[in-house]
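# A closer look at the structure
Below, each chain spelled out in residue letters.
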Amino acid sequence: MSMEHKRPLRIMQIIARMNVGGPAVIVAELMQGLDLLSFEMQLVTGYCSEDEADYLDELALDIPVIRVTGLGRNISTLGDIRSFFTLLHLIREFQPDIIHTHTIKAGVLGRIAGLIVYPKSKRIHTFHGHLLHGYFSPIKTKLIVLIEKYLAYFCSTLIAIGNQVKDDLLNARVGKPDQYSVIFPGLDKLDTQSKESARIQLGLDHEKTYVSFVGRLTQIKRPDRLIEIARYLKVNHPKVELLVAGAGEKFIELQELANQDALPIIFLGWRNDIGRILSASDTAILCSDNEGIPLTLIQASQAGLPIISTNVGSVSDIVVDGETGLLTENNTQSLIRSLDELLLNPLKMNQFGMAGKSRAEALFSLKGMIRAHEKLYSQVIEGIN
């Protein structure tokens, strides 16, 4: 990449919190992967809640970070004002060429702070998903859309992490088509192993079939559907069990429901050995009401697993219905029907898994994502659309 700058471009990444999940993974990969001779990076983030694992503490200990009190998930008038003034100070001090914001709260505070204290910086915002469905009341959602419409006007570029995410935002009239770039997440090669060794290490039964769910146990992910699926499996597929890797506010409630009815679910909690869990599995499932482009499904594809998922957000960029998995309507019965179809057809499971692995290698490489961001940053500075 040619750079006609006397010094590296200064990029400030601002994200509300680095809780384990897609946005944190992408930001961490940018911090670690961009060419240090061409880019000087600064990461600004808040603190995770007590029920969340912090990606920087668990998996990315070597990334320098500036922590801002009040920038996290919770809305607090005093905390938000304090974090806003801290952002003003940090931006004035760093004088970034580009302010790249992630997540809604950091996007609002970071872009406004940049406009006030250092308006010559270019502003980029990444939509790792959106809050148009399933999160807030209609009134709050309309307010969020109005805010995003206004702030988009002051952005050089809007990044969507999937095609459907972009289309949904454009349908809501957030930004203009020529402002958007779709940059798929890129992941490093998954650390996989043989199914046999993975099951030995996890203490799993070699004779059973395992369906894995990996993700936060929060309402938008609809983990309650896993309980209904487990009830169906208990009666109709007694040799099939669910593996649930993740934590969140629904964790204890789900455990209690599963224990009451002796359901075939193994709760693994939050894990940092996702490659092992997926290696031990036969298929992956996601049952969300809304998504961006879930990295756990990319990982499942890397592991060669067929996928069953509700057709929400940009899941369809990962899962090609009828080729790499099955996309369902947004309800439990559709998920059960598709799961039943796969469990009764091992050949199809294998074909879907192999096709998904090839697709993941082609579209979701870490190198490709890093190069796309480097190119975009340079084009923004050079004024190229």
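Here the structure is a predicted model, which means the values were calculated and not measured.

## With respect to the overall build of the protein
Across its full length, the protein carries 14 helices and 13 strands. Against the globule reference of 21 Å for 385 residues, the protein gives a C-alpha radius of gyration of 21 Å, in line with a compact fold. Principal axes of the C-alpha set define a box for the protein whose edges measure 65 × 45 × 40 Å. The buried share among the 385 residues of the protein stands at 56%.

## Looking at the pattern of salt bridges
Going through the model one piece at a time under the given rule, you end up with 19 salt bridges. In this structure, arginine 67 and aspartate 54 form a salt bridge, with 3.0 Å as the shortest nitrogen-oxygen distance. Here the residue arginine 67 occupies a position in strand β3 (residues 66-67), and aspartate 54 occupies one in the loop between β2 (39-45) and α2 (55-58), the gap between them amounting to 13 residues. A relative accessible area of 23% places arginine 67 in the partly exposed class. Measuring nitrogen to oxygen at the nearest pair gives 2.7 Å for the salt bridge that ties lysine 105 to aspartate 80.

## Concerning the packing of helix α4 (residues 104-117) against helix α5 (residues 138-152)
Between α4 and α5, the shortest axis-to-axis distance is 11 Å and the interhelical angle comes to 40 degrees. Classified by the angle their axes make, α4 and α5 are oblique. Crossing handedness for the pair α4 and α5: left-handed. When α4 is examined against α5, the residues Ile104, Gly107, Val108, Arg111 and Ile112 are found in contact with a partner set consisting of Ile144, Ile147, Glu148, Leu151 and Ala152. Of the residues in the contact of α4 with α5, the class split is seven nonpolar, one polar and two charged.

## Notes on the environment of lysine 357
Summarising the element assignment, lysine 357 is placed in helix α13 (residues 346-363). Counting along the chain gives 55 residues from lysine 357 to glutamine 302, while the straight-line C-alpha distance between them is 4.9 Å. Sequence-distant contacts of lysine 357, defined by excluding residues within four places in its chain, comprise Ser301, Gln302 and Gly304.

## Overview of the packing of aromatic side chains
Per the counting criterion, the structure on display carries six aromatic pairs. Summarising the aromatic geometry, the rings of phenylalanine 84 and phenylalanine 85 are spaced 6.0 Å apart at their centres and angled 80 degrees between planes, so their arrangement reads as edge-to-face. Under the relative-accessibility criterion, phenylalanine 84 is labelled buried at 17%. Look at phenylalanine 184 and phenylalanine 364: their rings are 5.2 Å apart centre to centre, the planes differ by 45 degrees, and that puts the pair in the tilted class. Linking phenylalanine 184 in the loop between β7 (180-182) and α7 (195-202) with phenylalanine 364 in the loop between α13 and α14 (366-382), this pair joins segments that are 180 residues apart in sequence.

## Description of the confidence of the model for the protein
Per-chain confidence: the protein averages 93 in pLDDT, with 97% of residues scoring 70 or above. Per-residue pLDDT stays below 50 along residues 1-5; that stretch engages in eleven contacts with residues further than four places along the chain or on separate chains.

## Some details on the sheet that holds strand β13 (residues 325-328)
One open sheet accounts for six strands, arranged β10-β9-β8-β11-β12-β13; its pairing is parallel. Only two strands of the sheet have a single neighbouring strand rather than two, namely β10 (265-269) and β13. Across this sheet, the average inter-strand angle for adjacent strands is 20 degrees, counted without regard to direction.

What counts as what
- Residues numbered from 1 in each chain as written.
- Predicted model: local features only at pLDDT ≥ 70, side-chain atom pairs only at ≥ 80, totals over all residues.
- Heavy atoms only, no water.
- Helix = DSSP H or I, 4+ residues; strand = E, 2+ residues; numbered from the N terminus.
- Rg over C-alpha atoms; globule rule 2.2 N^0.38 Å.
- Buried < 20%, exposed > 50% of the residue type's maximum accessible area, 1.4 Å probe, protein only.
- Salt bridge = Lys/Arg side-chain N within 4 Å of Asp/Glu carboxyl O.
- Axes fitted to C-alpha atoms, helices over the stretch in contact; angles between N-to-C directions.
- Parallel < 35°, antiparallel > 145°, perpendicular 65-115°, else oblique.
- Left-handed = near helix turned anticlockwise from the far one by under 90°.
- Contact = heavy atoms within 4.5 Å.
- Nonpolar A, V, L, I, M, F, W, Y, C, P; charged D, E, K, R; others polar.
- Phe/Tyr/Trp six-rings, centres within 6.5 Å; stacked < 30°, edge-to-face > 60°.
- pLDDT = per-residue confidence, 0-100.
- Pairing = 2+ DSSP bridges.

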